[in-house]
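A look at the structure
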Amino acid sequence: MDTKEYHLEPLPSFRGRKGPLLVIIMDGVGIGKKDAGDAFYQAHPTNLNTWMSETKEKGLYTELRAHGIAVGLPTDGDMGNSEVGHNALGAGQVFSQGARLVNDSLETGEFFETENWDKIVGETARTNQTIHLIGLLSDGNVHSHIEQLFKILDGIVKTGVKKIRIHPLLDGRDVPPDSGLLFINQLEEKLKSLETDGKIDAKIGSGGGRMYVTMDRYESNWDIVKRGWNAHVRGFVDSIDITKDYPGYFTSATKAIETARKVYPEKQDQYNPPFVIVNDENNPIGKMNNGDAVINFNFRGDRAIEISKAFIFEDFAYFDRIYTPDVKYSGLLEYDGDAHIPTIFLVPPPKITNISAKYFTAMKIPSFAIAETHKFGHVTYFWNGNNTGYINSGYELYEEIKSEPNEMIESHPEMRADEVTERLLQIIQSKKYKYIRVNYANGDMVGHTGNIKSCIRAVKKLDECLKKVVDATLSADGIVVITADHGNVEEKLDKKGNVKTSHTLNPVPFFILDSNYKGEYQVDTSKIEEPGISNVIATVMNLMGYQAPGFYEKSLINFN
Ligand SMILES: O=C(O)[C@@H](CO)OP(=O)(O)O
Ligand SMILES: [Mn+2]
Ligand SMILES: [Mn+2]
């Protein structure tokens, strides 16, 4: 429950500094092993290295957990990600996250007993229609989990549905870059086992790579969603994605992926072109019809919102859907708690309450947040507990710097860091904002390419930009807090020396730069059992001269 009043008491002995408090999230920058796969180390970021060693000496540095239970995931084997990371950073508390809530609901069986389950699955069984499942097919546990899909499939069959079509999106971003076929094989096995008694017809209908088909986010590129709509709903592949060697229509997903590998050896799974499965008569077997139902089996929202809008908005102007069958659509979770997208969902989302922005705005603290498109929702929507929009526009300004397309990240790993920095410098110099947060996307977005050379350039650019904003903040008598939401760029080779494209289990750095520092406080985590990124915002509140709410995870600093 949200508390009724958002008030922060001043600290008795520390009033904060005159200038702004700047929080920098270096997305996807963890502490690595200083080895060949550690692109952070390989980049020799002069400024970051200097700050880290100086703050270590002053007792203003620590390392924080950013994965597993510390951020509300099911186990400590789960790597961190931007959603849970920014949720923990912005809320200062740890909530059970989607991955865990879905597991629990499936475990207790509650999942199959809700009104919405009956509306979507029960109704489909009664009307003898088809259920379609769209989502990311892997065990990455960032957006989805294949084991959850399998349990949902069992439930669908048990409820009496006879016809099932899966529209899997290949991952390669939370799992090894070319592991797609492994998961497709597991899915084919599962579908075969459901079909054994001859009464169930369960098949793959269409698919593609997550970064090219369906899973766009923050309106970076609606064409991605359009490709997904075409493949999943219409059973159609645009001619632009068809060549003599890659015909777009295949008799199995395995054939589609094997063909893509041959024709486009440079493309990882995440960029696999769309494919549609056809029968002997060349008709798409997964085309949607009036009365069918659709379940999006992703639990994470950012990359599920746009396709959800395509299904549920009557007036939809982002692209011409051409064919809009009357289907019932459901998310695994509610993806946007503010805009209520989608309206039907199978598991209630985490209740992320009493987020820091409610306190900062109630205290009338002018706040500013900025990132480029790929991470814009991270410092706003995720930061604010999966709510889009302002908490109180009277005291907040959010700005997005338009990103370049995904395809450019590897060859231009500097991304839009310069533009973000330029705008940030104007904001700092304007002296209008007391609390500023920024996400630099480079470490993470370039980390996902697995290209170490690009990653090194990304870290160098990050280092150069941070120097500018740190200098500006410190000369304005402010304080800078630098941390990250999870690791990525510091571990780009797996144990066998293969390219790694995913996040990591590594801790992240946390340090405080304060040019007016006279020993008033120190980082002291001795009383915190497992210091994690959920401890950051209470620390920020302290550095601004306020006590954090008592139920927040403890501050990382003590005052002398
Ligand atoms: O790109 C994404 O969707 C995820 C990886 O699946 O990365 P992040 O959590 O950093 O946004
Ligand atoms: Mn991230
Ligand atoms: Mn990432």
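Residue indices begin from 1 for each chain and proceed along its sequence in written order. Think of it this way: whatever chain is written first is A, whatever ligand is written first is 1, and the rest follow in order. Only residues with pLDDT of at least 70 get local features here, since the model is predicted, and only at 80 or more are side-chain atom pairs given and counted; chain-wide, interface and lining totals rely on the full set of residues. By convention in this description, side-chain values take in all heavy atoms of the structure and omit both hydrogens and water.

1. Comments concerning the coordination of the manganese ion (ligand 2)
Asp-27 (OD), Ser-82 (OG), Asp-485 (OD) and His-486 (NE2) make up the full set of protein donors to the manganese ion (ligand 2), lying at 1.9 to 2.1 Å. A 2.8 Å cut-off from the metal defines N, O and S donors, relaxed to 3.2 Å for Na, K and Ca; water is not in the atom list, so some sites may appear incomplete. Mapped onto the sequence, the donors of the manganese ion (ligand 2) take the spacing D-x54-S-x402-D-H. Here the manganese ion (ligand 2) and the manganese ion (ligand 3) are spaced 4.4 Å apart. A residue pair is termed long-range when its members are at least 10 positions apart, and Ser-82 in helix 3 (residues 82-91) and His-486 in the loop between strand 15 (479-483) and strand 16 (508-514) qualify at 404 residues. As far as the burial class goes, Ser-82 and His-486 line up, both buried. Numbering of helices and strands starts at the N terminus; helices are DSSP runs of H or I of at least 4 residues and strands are runs of E of at least 2. Exposure classes here rest on a 1.4 Å probe applied to the protein chains alone. A residue is buried below 20% of its type maximum, exposed above 50%, and partly exposed in between.

2. With respect to the coordination of the manganese ion (ligand 3)
Protein-derived ligands of the manganese ion (ligand 3) are Asp-444 (OD), Asp-444 (OD), His-448 (NE2) and His-503 (NE2), with the metal-ligand distances lying across 2.1 to 2.3 Å. Geometry is assigned from donor-metal-donor angles: four donors are tetrahedral when every angle falls between 85 and 135 degrees, four are square planar and six octahedral when opposite donors sit over 155 degrees apart with all other angles between 65 and 115, and any other arrangement is irregular. What the 6 donor atoms of the manganese ion (ligand 3) show is an angle range of 57 to 166° at the metal, which sorts the shape as irregular. Mapped onto the sequence, the donors of the manganese ion (ligand 3) take the spacing D-x3-H-x54-H. Judged by its relative accessible area of 1%, Asp-444 is buried.

3. A look at the sheet that holds strand 1 (residues 21-26)
Any two strands with at least two DSSP bridges between them are considered paired. A sheet is described by the order of its strands in space; here 7 strands give the open sequence 2-16-15-1-14-12-13, paired in mixed fashion. Each of the sheet's edge strands pairs with one partner strand only, and the pair in question is strand 2 (61-64) and strand 13 (396-401). With strand direction ignored, the average angle separating the axes of adjacent strands in the sheet is 15°. Here strand 12 (residues 367-372) pairs with strand 14 (residues 435-440) via 5 bridges, running parallel. Note that in strand 14 the partner of Ser-367 across the bridge is Tyr-435. Contacts between residues were defined by any pair of non-hydrogen atoms, one from each residue, lying within 4.5 Å. Here the axes come from fitting lines to C-alpha atoms, over the contacting stretch only for helices, and the angles between their N-to-C directions go from 0 to 180 degrees. Across the sheet, helix 13 (residues 417-430) touches strand 12, strand 13 and strand 14, and the angle it forms with strand 14 is around 175°. Packed onto the sheet, helix 15 (residues 452-475) meets strand 1, strand 14, strand 15 and strand 16 and runs at close to 170° relative to strand 1.

4. Some remarks on the UniProt feature "domain: BPG-independent PGAM N-terminal" (unreviewed entry) in the protein
According to UniProt, the "domain: BPG-independent PGAM N-terminal" (unreviewed entry) feature falls on residues 102-336. Between the end C-alpha atoms of residues 102-336 the distance is 17 Å, and the span holds 35% helix and 17% strand. UniProt positions are given in the numbering used here, feature names are shortened, and annotations may be inferred rather than shown by experiment.

5. What about the site of ligand 1?
Throughout this document, a residue counts as near a molecule or strand when at least one of its heavy atoms sits within 4 Å of that molecule or strand. Near ligand 1 there are 17 residues, and of these Ser-82, His-143, Asp-174, Arg-217 and Arg-303 occur at the shortest range. One of the side-chain nitrogen or oxygen atoms of His-448 is found 3.4 Å away from an oxygen atom of ligand 1. The protein chains shown are the only cover counted for residues, whose accessible areas, like all others here, come from Shrake-Rupley with a 1.4 Å probe. Calculation on ligand 1 without its partners gives an accessible area of 310 Å², and the protein chains cover 100% of this total. Note on residue classes: Ala, Val, Leu, Ile, Met, Phe, Trp, Tyr, Cys and Pro are nonpolar, Asp, Glu, Lys and Arg are charged, and everything else, Gly too, is polar. A breakdown of the residues in the shell around ligand 1 according to their chemical character gives 1 nonpolar, 7 polar and 9 charged. In protein, a polar contact means a hydrogen-donor-capable atom and an acceptor-capable atom, both N or O and within 3.5 Å, with residues adjacent in sequence counting only if both atoms are side-chain atoms; elsewhere, any N or O pair within 3.5 Å suffices.

6. Here we look at the pairing of strand 12
Most of strand 12 sits out of view: 6 of its 6 residues are buried. Burial along strand 12 is two-sided: Ser-367, Ala-369 and Ala-371 facing one way and Phe-368, Ile-370 and Glu-372 facing the other are all buried. Relative to strand 13, strand 12 runs parallel, the two being bridged by 6 bridges. From the neighbouring strand, Phe-368 faces strand 13, where its bridge partner is Leu-397. After leaving strand 12, the chain enters helix 12 (residues 373-382) and then returns to the sheet as strand 13, a path that is right-handed. Assignment of crossover handedness uses the view with strands pointing away from the viewer, where a clockwise path from the first strand over the helix to the second indicates a right-handed crossover.

7. Side note on the UniProt feature "domain: Metalloenzyme" (unreviewed entry) in the protein
Under the local residue numbering, the UniProt record ascribes the feature "domain: Metalloenzyme" (unreviewed entry) to residues 20-546. The span residues 20-546 is 35% helical and 16% strand by assignment, and the distance between its end C-alpha atoms comes to 14 Å.

8. Structural notes on the domain arrangement of the protein
The split into domains, and so the bounds of each, comes from an automatic or database assignment of domains. Domain assignment breaks the protein into domain 1 (21-96 + 351-559) and domain 2 (99-331). Centre-to-centre, using C-alpha coordinates, domain 1 lies 33 Å away from domain 2. Of the roughly 2200 Å² buried between domain 1 and domain 2, counting both surfaces, carbon and sulfur atoms make up 49%. Here the quantity called buried area is the total loss of accessible area, with a 1.4 Å probe, experienced by two parts when brought into contact, counted for both. Considering only the side of domain 1, the residues that lose the most area to domain 2 are Pro-74, Ser-96 and Asn-406, jointly responsible for 22% of the buried surface there. Every case where a carboxyl oxygen of Asp or Glu lies within 4 Å of a side-chain nitrogen of Lys or Arg is listed as a salt bridge. In this assembly, domain 1 and domain 2 are joined by 0 salt bridges. Viewed at the interface, domain 2 and domain 1 are joined by 10 residue pairs in polar contact (both at pLDDT 80 or more). Mapped by element, the contributors of at least two residues to the side of domain 1 that touches domain 2 are helix 3 and helix 12. Broken down by element, the residue count for the side of domain 1 that touches domain 2 peaks at 8 residues, all from helix 12. Residue composition of the side of domain 1 that touches domain 2, by class: 8 nonpolar, 14 polar and 6 charged.

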